[in-house]
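Per-entry structural report
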Amino acid sequence: MSEITTRPLILISNDDGIDAPGIRALASALDGLGDLHVVAPITEQSAVGHAITVRDPVRAREWPFKVPSGTIPAHAVTGTPADCVKLALNRILPRKPDLVVSGINNGPNTAVNVIYSGTVSAATEATILGIDAVAFSQDAWGKTEFEASGRWARRLAERVLERGLPSGILLNVNIPFLPFDDIRGARVTRQARGRWEEEFDPRTDPFNQIYYWMGGRFVNLDEGEDTDLEAVESGHVSITPIHYDLTAYEALREMETWTW
Ligand code: MN
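Given the structure is predicted, the values throughout are model-derived calculations rather than measurements.

**Brief notes about the overall build of the chain**
Tallying secondary structure elements over the chain gives seven helices and 13 strands in all. Overall, the C-alpha framework of the chain stretches about 55 × 55 × 50 Å when taken along its three principal axes. Of the roughly 14,400 Å² of accessible surface on the chain, a fraction of 51% belongs to carbon and sulfur atoms.

**Looking at the environment of Gly 150**
Relative to the helices and strands, Gly 150 resides in helix H5 (residues 147-163). Along the sequence, Gly 150 and Ile 12 sit 138 residues apart, while their C-alpha atoms lie 13 Å from each other.

**Notes on the sheet that holds strand E10 (residues 186-188)**
With mixed pairing, nine strands are arranged side by side in an open sheet as E3-E6-E2-E1-E7-E8-E9-E13-E10. Bordering the open sheet on either side are strand E3 (60-62) and E10, each of which pairs with just one other strand. The sheet shows a mean angle of 25° between the axes of neighbouring strands, taken without regard to direction. With four bridges connecting them, strand E2 (residues 35-41) and strand E6 (residues 74-77) associate as parallel partners. Looking at E6, one finds that Val 38 is bridged to Ala 74. In the packing of helix H2 (residues 81-92) onto the sheet, contacts are made with strand E1 (9-13), E2, E3, E6 and strand E7 (99-106), and the angle to E2 comes to roughly 135°.

**Remarks on helix H4 (residues 118-128)**
Burial of H4 is extensive: ten of the eleven residues sit out of reach of the surface. Among all positions in H4, only Gly 118, Thr 119, Val 120, Ser 121, Ala 122, Ala 123, Thr 124, Glu 125, Ala 126 and Thr 127 are buried. Where H4 begins, the capping side chain belongs to Ser 117, and its oxygen is found 3.1 Å from the backbone nitrogen of Thr 119. Directly beyond the C-terminal end of H4, a positive phi value near 90° is found at Gly 130.

**Observations concerning the coordination of the manganese ion**
For the manganese ion, the protein coordination sphere consists of Asp 15 (OD), Asp 16 (OD), Ser 46 (OG) and Asn 105 (OD1), at 2.1 to 2.3 Å. The exposure class of Asp 15 is buried, given its relative accessible area of 2%. Given a relative accessible area of 13%, Asp 16 falls into the buried group.

**Details of the side chain of Asn 109**
The topology assignment puts Asn 109 in the loop between E7 and helix H3 (113-116). There is a polar contact of 3.2 Å between the side chain of Asn 109 and the side chain of Ser 117. When residues no more than four places from it in sequence are discounted, the contact partners of Asn 109 are Val 114, Ser 117, Thr 119, Val 120, Ser 137, Asn 172 and Asn 174.

Definitions and limits used
- Residues numbered from 1 in each chain as written.
- Predicted model: local features only at pLDDT ≥ 70, side-chain atom pairs only at ≥ 80, totals over all residues.
- Heavy atoms only, no water.
- Helix = DSSP H or I, 4+ residues; strand = E, 2+ residues; numbered from the N terminus.
- Areas by Shrake-Rupley, 256 points an atom, 1.4 Å probe, with all protein chains shown as cover.
- Pairing = 2+ DSSP bridges.
- Axes fitted to C-alpha atoms, helices over the stretch in contact; angles between N-to-C directions.
- Contact = heavy atoms within 4.5 Å.
- Buried < 20%, exposed > 50% of the residue type's maximum accessible area, 1.4 Å probe, protein only.
- Polar contact = N/O pair within 3.5 Å; in protein donor to acceptor, adjacent residues only side chain to side chain.
- Donors = N, O, S within 2.8 Å, 3.2 Å for Na, K, Ca; no water.

Here it is as structure tokens:
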């Protein structure tokens, strides 16, 4: 089964859409590291979590995609980030990739936002399918500048290609929005505890019907210094190993004592 080639195949996806500046920056940063192939949503899919498309057709279209050394193969998909990874592995890529990277997301995916994140879900799907994966997010909204984040993404992707990840584990990486020289290094972290306190703003549509627009603010309920939020806020790249097995192993014994 071993390939003759020594160049790793790297699948690149995201949730902000194939034309988002973050995925362009990620592909450019990885230029030369291996054979790159982009398979990403044609429209923005932020906050779709791990949704997959089962009641509609999924279409994939070849898409122009340039990196500094030239053009790389790319497909835009009418689906979610998880769809993109599934379809890429099943139908689009010439062989099983060595690494899947997702991002660089417009905005952080720290704390509970991991649950809502399409960026993380693309990486999670790869892990489920047995491929090492890293999700990258930049801790700022609406920026077109990803130079420092791209350099960190390259460095971390190289490390993961060299070392490999433990089975079932992916990395959720959040990068502070700072000049490269001002980033103070990387920290391995845990997810901070916190939650969104939502406000649904009621508005009136042209037909006099009420609709709602979700807003809110994130509340950090965690004082720890070893969290993803704390790392990014103190100018460090946050690397959180995560897994998709949601079993609460620490509760198994307690639950077994109940009479069901
Ligand atoms: Mn996004």
